[in-house]
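What the coordinates show
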Amino acid sequence: MIKPGLLQTGPLLPIIERAIGDTFTVRRVWELGEANAIKPEIANSIEAVATGGQIRVDATLMRSLPNLRIVANFGVGYDSVDAAWAGQNGIVVTNTPDVLTEEVADTTLGLLLMTVRELGAAERHLREGKWPAGNYPLTPMTLRTRSVGILGLGRIGKAIAHRLEAFGVPISYFGRRKQPDVPYTFYDSLTGMAEAVDTLVSVLPGTEQTHHLINMDIMRALGPNGVVINIGRGSVIDEAALIEALQHGVILSAGLDVFEFEPEVPDELIAMERLTLLPHVGSASVHTRDGMGQLVVDNLLAYTGNQPPPTPVPETPFNGWD
Ligand code: NAP
């Protein structure tokens with residue numbers, strides 16, 4: 001039996017590579033030269049793409065693969081895939097929701113606590129042998145007096161809020177709609193929420209609508225005691241404005257797991273010792289990444305088995321494979 005062709009955009013976990021090797025004829029972008037200049041006989045054979053966001057799976061690439069039926073994205077955020085175009089052209093895009101929610105929420109609380117109590121800088125104080133010469137200074141920030149506003153009260157946002165309840169801090173959220181059965185204070189204006197709280201936690205997806213939603217005006221509204229935590233996507237924060245705001249005391253600090261041009265992180269941010277900067281590790285445990293990998297496999301095998309995919313994205317509702 002001839003195996004269907006699958007285009008792989010970059011290295012994937014062994015759990016995925018094993019399964020796709022068994023089921024598909026795997027073509028690796030980096031072995032084919034330019035992604036947008038794949039030879040027609042190979043392009044015609046491709047029915048699936050497996051991607052971890054290494055390259056953009058845009059309309060140009062998908063148009064060049066006339067028999068493409070499924071793009072399986074490793075990650076709940078699928079901003080590197082043009083899902084709207086895929087939906088209009090009968091291609092199903094899948095992502096990996098839920099299996100990473102609790103892990104990312106755990107990481108967010110770690111990032112928040114590290115930032116307000118300067119735990120990264122305090123650890124460096126010890127490791128650099130400075131403790132015998134003097135205690136690490138008292139931190140001006142504490143979670144005890146803070147009120148937190150969440151941007152993006154979705155799956156992960158709710159898991160973050162649930163944890164924050166145990167920390168006893170007031171919780172608000174900004175969104176496009178008030179959610180029934182949610183006990184937190186709702187704001188339909190981000191500026192309004194930023195004026196009312198002193199800590200913003202962003203867990204928004206990277207879309208055209210969320211691009212630079214956190215800008216200088218929002219940071220001014222947050223004020224000089226303000227802390228910005230970003231676990232969602234780097235593009236949500238105007239990074240140049242953030243640097244300026246931090247350098248000029250418009251806000252006090254930031255904890256970032258994601259960056260606008262990652263893996264590039266501006267020297268100005270690295271130079272600010274008080275900040276907590278993580279290299280996009282929100283979901284990065286073996287346990288959770290394997291769960292995400294299994295979901296990528298399950299979606300791809302649903303295609304070859306003529307079954308509904310477990311997790312299509314909203315832009316590409318499943319209507320059958322034919
Ligand atoms: P989700 O359940 O879809 O939640 C996203 C939330 O954002 C929803 O409440 C949605 O509101 C809101 N939202 C979307 N666009 C908006 C806009 N323009 N204005 C206001 N609110 C908007 O997704 P999730 O599973 O929680 O994941 C959220 C994001 O986290 C992912 O897209 C990904 O980018 C990021 N993430 C990062 C890491 C990491 O390692 N740092 C790991 C996993 C995920 P509606 O209900 O109105 O659509």
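If you're wondering where the values come from, they're calculated on a predicted model, not measured in any experiment. (Residues numbered from 1 in each chain as written. Predicted model: local features only at pLDDT ≥ 70, side-chain atom pairs only at ≥ 80, totals over all residues. Heavy atoms only, no water.)

What the domain assignment reports for the chain is domain 1 (5–99 + 287–304) and domain 2 (101–277). One C-alpha centre belongs to domain 1, the other to domain 2; they are set 32 Å apart. Contacts between the two partners involve seven residues from domain 1, matched on the other side by five residues from domain 2. Of the roughly 560 Å² buried at the junction of domain 1 and domain 2 (both faces included), carbon and sulfur atoms supply 41%. Per-residue buried area on domain 1 facing domain 2 is highest for Asp79, Asp98 and Thr288; these three make up 63% of the total on that side. In this structure, the connection of domain 1 to domain 2 is made through one salt bridge. The salt bridge partner of Asp79 is Arg233, with a shortest N-O separation of 2.9 Å. Tallied by class, the residues present in the side of domain 1 that touches domain 2 amount to three nonpolar, two polar and two charged. (Domains from an automatic or database assignment. Contact = heavy atoms within 4.5 Å. Buried area = accessible area lost by both parts, 1.4 Å probe. Salt bridge = Lys/Arg side-chain N within 4 Å of Asp/Glu carboxyl O. Nonpolar A, V, L, I, M, F, W, Y, C, P; charged D, E, K, R; others polar.)

In the neighbourhood of the ligand, 25 residues make up the surrounding shell, with Ile156, Arg176, Arg177, Ile231 and Asp257 lying closest. For the ligand, an oxygen atom lies 3.2 Å from a polar atom in the backbone of Gly154. Within the backbone of Arg155, one N or O atom sits 2.9 Å away from an oxygen atom of the ligand. Burial of the ligand by the protein amounts to 85% of the accessible area it has alone, namely 940 Å². Classifying every residue of the shell around the ligand by side-chain character gives 11 nonpolar, nine polar and five charged. (Near = heavy atom within 4 Å. Polar contact = N/O pair within 3.5 Å; in protein donor to acceptor, adjacent residues only side chain to side chain. Areas by Shrake-Rupley, 256 points an atom, 1.4 Å probe, with all protein chains shown as cover.)

Now for the sheet that holds strand β2 (residues 25–28). The strands making up a sheet associate through hydrogen bonds between their backbones, and the pairing can be parallel or antiparallel. On the basis of which strands lie adjacent, the open sheet formed by five strands has the order β2-β1-β3-β4-β5 and parallel pairing. Taken across any chain shown, the strands that pair with only one partner, and hence form the sheet edges, are β2 and β5 (92–94). Looking at each pair of strands side by side, their axes are set apart by 20 degrees on average, direction ignored. When strand β1 (residues 5–8) meets β2, the two strands line up parallel, connected through four bridges. Bridge pairing in β2 links Leu7 to Arg27. Of the strands in this sheet, β1, β3 (46–51), β4 (70–73) and β5 touch helix α13 (residues 286–304), which is tilted by about 165 degrees from β4. (Pairing = 2+ DSSP bridges. Helix = DSSP H or I, 4+ residues; strand = E, 2+ residues; numbered from the N terminus. Axes fitted to C-alpha atoms, helices over the stretch in contact; angles between N-to-C directions.)

The next point concerns the pattern of salt bridges. One pass over the structure, following the stated rule, counts nine salt bridges. With its nearest N and O atoms 3.4 Å apart, the salt bridge here joins Glu118 to Arg274. You can see Glu118 sitting in the loop between α6 (101–116) and α7 (119–127) and its partner Arg274 sitting in the loop between α12 (267–271) and β12 (276–277), a full 156 residues away along the chain. Across the salt bridge formed by Glu128 and Lys130, the nearest N and O atoms sit 2.8 Å from each other. The partly exposed category is assigned to Lys130, whose relative accessible area is 42%. (Buried < 20%, exposed > 50% of the residue type's maximum accessible area, 1.4 Å probe, protein only.)

What follows deals with the nonpolar core. Among the nonpolar cores identified, the biggest contains 47 residues, and Leu6, Ile20, Phe24, Ile150, Ile160, Leu164 and Leu300 are the most heavily contacted of them. In terms of residue count, the dominant contributor to this core is α6 (six residues). Each of domain 1 (5–99 + 287–304) and domain 2 (101–277) contributes no fewer than three residues to this core. When residues no more than four places from it in sequence are discounted, the contact partners of Ile150 are Gly157, Ile160, Ala161, Leu164, Ile171, Ser172, Tyr173, Phe174, Met193, Val201 and Val203. Counting residues in hydrophobic clusters, the runner-up holds 30 residues, among them Met193, Leu200, Val228 and Val236. (Core = buried A, V, L, I, M, F, W, Y, C linked by side-chain atoms within 4.5 Å.)

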